[in-house]
Each structure stands twice: as structure tokens, then as C-alpha cells.
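This is what each chain is made of:
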Amino acid sequence: MTSTDTELVEKANTAFYEAMERGDFELLSALWLNDDISCVHPGWPVLSGRGEVLRSYALIMANTEYIQFFLTDVKVNVAGDTALVTCTENILSGGPAEAAGELGPLVGQLVVATNVFRRTSDGWKIWSHHGSPVLTETEDEEDEDSPS
């Protein structure tokens, strides 16, 4: 059975997040195009070029003790040799280890992401990643909205 382009793109997208979770910089690097690429991490400026983009992931991996992605709302659209994946990244990450060697406090975050892939002779490669934080209401805001 051969995989459809949609399935292959979805596998490449999943491999991207799994490489991040494992801290596998070699695999993560291999998933990106060698051409001009771009990336926007939540709260960061636009990063352009392979060196700048991969350096950002090296920094994130070096400074994150634990990270896990639960992807929801994944949608894949393929048009010729280009594919667009949108999803919600439900991220659970851990801070630096405490003095006793235990993982620091876990933090949850929601990010909506757009990943653009391009077909190459080596399969589907990431061309661009853009992540934006999802703003959620705080309890104070919810209390203000409720009738007294």
C-alpha cells in the first residue's frame, strides 16, 4: 500500500514534533529544506535562513529540560509540491532541574501553528514554521463577565 501525499506530509509533521520532544537536533535539521527557510516562534521575530532557524532550535533544546506536544485540530492541505499543515500545539514543558535533580515545575501552553512543506527528492521537507500563542481568559476576566 502506498501512502498518499496527505499521509506523507502528516508523517513529516509528526516527525518534526517528535524530534523536538526527543531533543534530536540531527533529525530536526534533516527535516528542514536546505534552501531559504523561515520560522516564527511565539513572541520571537521572524528568523530567516537555515543557520538562524536551526540555531533557534538548538537554543530551545539546550534550555528545555522536558517538552511534549499534544497536537489537535491537525489539518493537511496539499497543492502540487507544496503542503500546508495547521494545528494546535498543546505544549507541556518543564523548567530547569531543581537542586535535588528533579524536573522543575511543568507549564502548559497553547500555540496555533502553521507548517509549510515542500516536496523534494528526499520527501516532504519543512519550508516554514509559524507559531502564535493562544490567549486564554484568566479567572479575573471570567469573573468580570459574569452577572453580579
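Let us look at the structure shown here. (Residues numbered from 1 in each chain as written. Predicted model: local features only at pLDDT ≥ 70, side-chain atom pairs only at ≥ 80, totals over all residues. Heavy atoms only, no water.)

Here the focus is the overall build of the protein chain. Along the protein chain, the regular secondary structure elements total four helices and six strands. Per-residue burial for the protein chain yields a buried fraction of 32% across its 148 residues. In the form shown here, the protein chain has an accessible surface area of approximately 9,000 Å², with 52% of it arising from carbon and sulfur atoms. (Helix = DSSP H or I, 4+ residues; strand = E, 2+ residues; numbered from the N terminus. Buried < 20%, exposed > 50% of the residue type's maximum accessible area, 1.4 Å probe, protein only. Areas by Shrake-Rupley, 256 points an atom, 1.4 Å probe, with all protein chains shown as cover.)

What follows is about a nonpolar patch on the surface. On the surface, a nonpolar cluster with roughly 180 Å² of combined accessible area is contributed by Leu 110, Val 112 and Val 134. Note that Val 134 resides in the loop between β6 (123–133) and α4 (139–145). (Patch = residues over 30% accessible without salt bridge, like charges linked within 9 Å, V, L, I, M, F, W, Y side chains within 5 Å. Salt bridge = Lys/Arg side-chain N within 4 Å of Asp/Glu carboxyl O.)

Take the pairing of β6 next. Where strand β1 (residues 38–40) lies against β6, three bridges are found, and the strand directions are parallel. When the sheet's bridge partners are listed, Cys 39 is paired in β6 with His 129. (Pairing = 2+ DSSP bridges.)

With that settled, the discussion passes to the pattern of salt bridges. Inspection of the entire model under this criterion finds three salt bridges. When the shortest N-O distance is used, the salt bridge between Arg 119 and Asp 5 registers 3.0 Å. Note that Arg 119 is positioned in strand β5 (residues 106–120) and Asp 5 in helix α1 (residues 5–22), a separation of 114 residues in sequence. Assessed through its relative accessible area of 28%, Asp 5 is described here as partly exposed. One salt bridge in this structure joins Arg 119 and Asp 81, with 2.6 Å as the shortest N-O distance. Pair noted here: Arg 119 is in strand β5 and Asp 81 is in the loop between β3 (66–79) and β4 (82–94), with a separation of 38 residues, a long-range link. The exposure class assigned to Arg 119 is partly exposed, which follows from its relative accessible area of 32%. Residue class for Asp 81 comes out partly exposed when judged on its relative accessible area of 45%.

So, about the pairing of β3. When β3 meets β4, the two strands line up antiparallel, connected through twelve bridges. Bridge pairing in β4 links Gln 68 to Leu 92. The hairpin formed by β3 and β4 contains two residues between the paired strands, and Gly 80 there has a positive phi angle of roughly 65 degrees.

Another aspect to go through is helix α3 (residues 50–62). Residues three or four positions apart in an α-helix share a direction because the helix packs 3.6 residues into each turn. Between its terminal C-alpha atoms α3 stretches 18 Å, which fits the 18 Å expected from 13 residues at 1.5 Å a residue. Looking only at α3, the buried set comprises Val 53, Leu 54, Ser 56, Tyr 57, Ile 60 and Met 61. Projection of α3 onto a plane perpendicular to its axis shows the buried side chains occupying an angular sector of 150 degrees, all on one side. Away from its buried face, by an angle of more than 90 degrees, α3 presents the exposed residues Arg 55 and Ala 62. (Expected span 1.5 Å × (residues − 1). Arc of directions from axis to C-beta.)

Right, let's talk about the sheet that holds β5 for a bit. In spatial order, the strands read β2-β1-β6-β5-β4-β3; together these six strands make up an open sheet with mixed pairing. Of all strands in the sheet, those bounded by a partner on one side alone are β2 (47–48) and β3. With respect to the sheet, α1 is in contact with β3, β4, β5 and β6, its orientation differing from that of β3 by roughly 160 degrees. (Contact = heavy atoms within 4.5 Å. Axes fitted to C-alpha atoms, helices over the stretch in contact; angles between N-to-C directions.)

Moving on, we get to the nonpolar core. If you look at the biggest cluster of nonpolar residues, it comprises 31 residues, and the most contacted ones within it are Phe 16, Leu 28, Trp 32, Tyr 57 and Phe 117. Ranked by residues supplied to this core, first place goes to α1 with seven residues. (Core = buried A, V, L, I, M, F, W, Y, C linked by side-chain atoms within 4.5 Å.)

Their axes nearest at 9 Å, the elements α1 and α3 cross at an angle of 45 degrees. Our classification of the angle between α1 and α3 gives oblique. On the side of α1, the interface is formed by Phe 16, Ala 19 and Met 20, while α3 contributes Tyr 57, Ile 60 and Met 61. (Parallel < 35°, antiparallel > 145°, perpendicular 65-115°, else oblique.)

Geometric descriptors of this kind do not, in isolation, establish any biological role.
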